[in-house]
Amino acid sequence: QCLRRAISTSSPDCIGAMLNDAGSVLLEFKSRLQNENRVSSGVDIAGAIHAKLPGASKSADNSTLQTQSKYINQMETCLEYIDKLASELEIDLEKFFSSSQELNCVRIRTCLDEFRSHSKVFKVMLNSKLSEIYKQFLLPKVHAHLENYSTRSFDISTDEFSHHDSSIEIQGLLLSVQEQLSKFDVDMSKRNFELIIDHLVEDICQQLERVILKSHFSQMGGLLFAKEFRAISSYLSSKTSVSIRDKLSRTHLIISLISLESLREVKDYWRPNTGAVSSRLSVAE
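Sequence order sets the numbering: in each chain, residues are counted from 1 along the sequence as written. It should be noted that, the model being predicted, local features are given only for residues of pLDDT at least 70 and side-chain atom pairs only at 80 or more, the latter also being counted only at that level, while totals for whole chains, interfaces and linings use all residues. Heavy atoms from the whole structure form the basis of all side-chain values; hydrogens and water molecules are not counted.

Visitor: Looking at this structure, I do not really get the overall build of the chain. What am I missing?
Guide: Check the secondary structure of the chain and you find 13 helices and 0 strands. The 285 residues of the chain split such that 40% are buried. Should any heavy atoms of two residues lie within 4.5 Å, those residues are considered in contact. Partitioning the intrachain contacts of the chain with sequence separation of at least 6 by distance along the chain shows that 79% fall at a separation of at least 24. Computed with a 1.4 Å probe, the accessible areas rest on the Shrake-Rupley method; for each residue, only the protein chains presented here act as cover. By element, 53% of the accessible surface of the chain is carried by carbon and sulfur atoms, the whole surface being about 16600 Å². By definition, any uninterrupted DSSP run of H or I lasting at least four residues is a helix, any uninterrupted run of E lasting at least two residues is a strand, and each is numbered from the N terminus. Type-normalised accessible area, obtained with a 1.4 Å probe on protein chains alone, sets the label of each residue: buried when under 20%, exposed when over 50%, and partly exposed for intermediate values.

Visitor: It is not clear to me how the confidence of the model for the chain should be interpreted in this structure. Could you clarify?
Guide: Detailed reading of the predicted coordinates is not advisable wherever pLDDT falls low. Put simply, the chain has an average pLDDT of 84, and 87% of its residues get 70 or more. Scored below 50 in pLDDT, residues 45–51 makes 6 contacts in the model with residues more than four places away or belonging to other chains. The pLDDT value expresses, per residue, how confident the predictor is, ranging between 0 and 100.

Visitor: So what exactly am I meant to see when it comes to the packing of aromatic side chains here?
Guide: By convention here, two paired aromatic rings are described through the distance between centres and the angle between planes. Pairing of aromatic side chains here covers Phe, Tyr and the six-membered ring of Trp, requires ring centres within 6.5 Å, and sorts the geometry by plane angle: under 30 degrees stacked, over 60 edge-to-face, intermediate tilted. Summed over all chains, the structure comprises 5 aromatic pairs. Ring centres of tyrosine 149 and phenylalanine 154 lie 6.3 Å apart, and the angle between their planes is 10 degrees; on these two criteria the pair is classed as stacked. For the pair formed by tyrosine 149 and phenylalanine 154, the shared burial category is buried. When the centroid spacing of 5.3 Å and the interplanar angle of 25 degrees are considered together, the rings of phenylalanine 154 and phenylalanine 217 count as stacked. Here the residue phenylalanine 154 occupies a position in the loop between helix H6 (139–150) and helix H7 (158–163), and phenylalanine 217 occupies one in the loop between helix H9 (190–214) and helix H10 (219–238), the gap between them amounting to 63 residues.

Visitor: Whenever I open this one, the side chain of asparagine 192 confuses me. Can you help?
Guide: Considering the arrangement of structural elements, one finds asparagine 192 in helix H9. Accessibility expressed as a relative area gives 0% for asparagine 192, which makes it buried. For this analysis, a polar contact is any N or O atom pair within 3.5 Å, provided that within protein one partner can donate a hydrogen and the other can accept it, and provided that sequence-adjacent residues contribute only side-chain to side-chain pairs. A polar contact of 3.4 Å, which involves the side chain of asparagine 192, links it to the backbone oxygen of isoleucine 72. Of note is the side chain of asparagine 192, whose polar atom sits 3.5 Å from the side chain of glutamate 76. Beyond its immediate chain neighbours, meaning those up to four positions away, asparagine 192 contacts Ile72, Asn73, Glu76, Leu126 and Leu130.

Visitor: Which parts of the structure should I look at to understand the pattern of salt bridges?
Guide: Here, a salt bridge means any side-chain nitrogen of Lys or Arg that lies within 4 Å of a carboxyl oxygen of Asp or Glu. Within this structure, the stated rule accounts for 10 salt bridges. Residues glutamate 88 and arginine 4 are paired through a salt bridge, measuring 2.7 Å at the closest nitrogen-oxygen approach. Residue glutamate 88 is located in helix H3 (residues 60–96), and its partner arginine 4 is located in helix H1 (residues 2–8); the two are separated by 84 residues in the primary sequence. Take glutamate 88: its relative accessible area is 29%, and that puts it in the partly exposed class. Assessed through its relative accessible area of 38%, arginine 4 is described here as partly exposed. As a salt-bridge pair, aspartate 198 and lysine 247 come within 3.9 Å of each other at their nearest N and O atoms. Highlighted residues: aspartate 198 in helix H9 and lysine 247 in helix H11 (residues 245–258), separated in sequence by 49 residues.

Visitor: Just checking my understanding: could you explain H6 for this structure?
Guide: Any helix carries an expected span of 1.5 Å times its number of residues minus one. Over its 12 residues, H6 extends 17 Å from the first C-alpha to the last, a length consistent with the 16 Å expected when each residue adds 1.5 Å. Within the sequence span of H6, burial applies to Leu139, Val142, Leu146 and Tyr149. Down the axis of H6, the smallest arc covering the buried residues is 65 degrees, so these residues share one side. Along its buried surface, H6 packs onto helix H5 (118–137), helix H8 (167–187), H9 and H10. Note that the arc is computed from the directions linking the helix axis to the C-beta atoms.

Set out below in C-alpha cells:
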C-alpha cells in the first residue's frame, strides 16, 4: 500500500525512496528468518542427541524435518510475493508515467530491479536449505541401498537372467525411499517436494553411473540392469508432476549401450557430434 501511494505521487524521488525502504525491510526479514532457523536448528540438534539415548523417542528426526520444512516453505512464499509485488508495481508505474517521462521511468525501473533482485537472495537460501535437508534425511538411506549394486555381479548368463528375481533389490530401495519421502510430503509445499525429487533423481543417476563404470556386464547383465532402472524411473516419475525424462536420459543412454549384443551396434545409438544424444556422453565416456 505504501509503495502504491508513493507511485500515485508521480515523484521519482518518493517512489525510489520507498522501493529502497521496502528492500531494507526484506533484508531485515531475511536476517530474522536466518536467526530463527539457527535457533530451531540448535534445538533440533539437542533433540537429535537426546534421541540417541536409550529409550528416547524416535520422533526427533520427524520434528527436525517438520521445522526445516516450515522454514523452506516460508522462503518459497517470500519468493512468490516479491515477484508478484514487483510485477504489479511495474504495471502501476506504466499507468502513472507517460512516454515523455522516460528518464524518470528509467530511474524508477532501476530501483524496481534492485527490489526484485531480493528474490534471488531468498532463492539462494531456499536451494541451499533444500540441499541440506536432502543430504541429512534422504541421502544416507538411498546410498545405503545403492551400495548393494556395487557388490552384485552383472556378468550373468541367459539362464541366470531367467531365474533372477530383481524385485528383492528394487523393493528394498523403493520402500526405503517411499518411507522417507512420505515424511517430506506431509509438511513441504508441492514445489519444494518436487525439488527434493529432483535432488533424488540426480543422485540416484550419479550413483548408478559410478556402479556401471566399476562393473563388468554381459548382455544379460545389461538387460537386467536396464529392467531395474526402468522400475526405479517409473517410481520416481510417479512422485512428481514435472517431467524428469531429461534428468534420466544420460543414464538411460549408458544402460542402453551396456545392453547391446555387440560393439557394432553402438553407432546405432551414439555418434560423436550428432546433437543432443551425443552431447550426453563424451567420446572418452
